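An overview of the molecular structure
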Amino acid sequence: MSEEKKLENLLLRIVAPHSKISREVLESDIERVVEEAKVLYALCFMANGLAVGAKAMAHPQIEDKDPLRFFVTADKKLIINPIITKHTNTTVESKEGCFSFKDNPPIVVQRWHKIEVEFITLMVDSENKDKFKFSSILKEKLSGLEARIWQHEQNHFDGLYIFNY
């Protein structure tokens, strides 16, 4: 299959709008996460309508029948079952576009400027180098663009979009 056809097939996987609430990723989903994260990551670097790549892509953007709570970032992070545990009371304006709505120009939405998050990712299983397993729970404090990206992607898990605001 040609590279052009492969890219075209990736773009066809984008689901818009996706309204189903995502479920948590379970250990039984790990192989699926590994495979579908590759698709999401490739989409981060594609042009799609007005969007010239994406900072991150959430699983519900390519799967509306059984969407999972994970996203990938263009800087190669795999974020699984994230939750925002704390946030500032004040918001900032965030000019955002959405890869799922390729023909809509970016709009301004309100986002918390600082958030604290918990999530897991995948790591190589020390007992079997060909398998992955969940990491322990990771905690981070985020601000600015990174905090806004997380909030945008988490909205996808709840079937929400910037255009709902």
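Scroll up to find the structure this text is about.
I will try to describe carefully the structure that is included in this document.

What counts and how
- Residues numbered from 1 in each chain as written.
- Predicted model: local features only at pLDDT ≥ 70, side-chain atom pairs only at ≥ 80, totals over all residues.
- Heavy atoms only, no water.
- Pairing = 2+ DSSP bridges.
- Helix = DSSP H or I, 4+ residues; strand = E, 2+ residues; numbered from the N terminus.
- Axes fitted to C-alpha atoms, helices over the stretch in contact; angles between N-to-C directions.
- Salt bridge = Lys/Arg side-chain N within 4 Å of Asp/Glu carboxyl O.
- Buried < 20%, exposed > 50% of the residue type's maximum accessible area, 1.4 Å probe, protein only.
- Phe/Tyr/Trp six-rings, centres within 6.5 Å; stacked < 30°, edge-to-face > 60°.

As for the sheet that holds strand E11 (residues 138-143)
Pairing is antiparallel across the open sheet formed by five strands, whose spatial order is E3-E4-E5-E8-E11. What marks the edges here is a single partner per strand, and that holds for strand E3 (56-58) and E11. Neighbouring strand axes in the sheet, compared pairwise and without regard to direction, differ in orientation by 40 degrees on average. Pairing between strand E8 (residues 114-120) and E11: six bridges, direction antiparallel. Residue pairing for E11: Ile115 is matched across the bridge by Leu142.

Focus on the pattern of salt bridges
Enumeration according to the criterion identifies twelve salt bridges in this entry. The salt bridge involving Glu35 is made with Lys38; its shortest N-O contact spans 3.2 Å. Separated by three residues within a single helix, Glu35 and Lys38 lie in helix H2 (residues 30-43), roughly one turn from each other. Glu35 gets classed as partly exposed once you look at its relative accessible area, which sits at 45%. Within the structure, one salt-bridge network assembled from shared partners comprises Arg23, Asp29, Arg32, Glu36, Glu63 and Asp66.

Observations regarding the packing of aromatic side chains
The geometry of an aromatic ring pair comes down to the distance between the two centres and the angle between the two planes. Summed over the entire model, instances satisfying the criterion amount to six aromatic pairs. Aromatic side chains Phe71 and Trp150 sit 5.3 Å apart centroid to centroid with 90 degrees between the ring planes, which places their arrangement in the edge-to-face category. Of the two residues, Phe71 is situated in strand E4 (residues 70-73) and Trp150 in helix H3 (residues 144-157); the sequence distance between them amounts to 79 residues. The pair Phe71 / Trp150 is uniform in exposure class, with both members buried. Where Phe101 meets Phe163, the ring centres are 5.2 Å apart and the plane angle is 70 degrees; that geometry is what we call edge-to-face. Highlighted residues: Phe101 in the loop between strand E6 (91-96) and strand E7 (107-112) and Phe163 in the segment after H3, separated in sequence by 62 residues. Residue classification places Phe101 among the buried residues on the basis of a relative accessible area of 19%. According to the relative accessible area criterion, Phe163 is partly exposed, its value standing at 28%.

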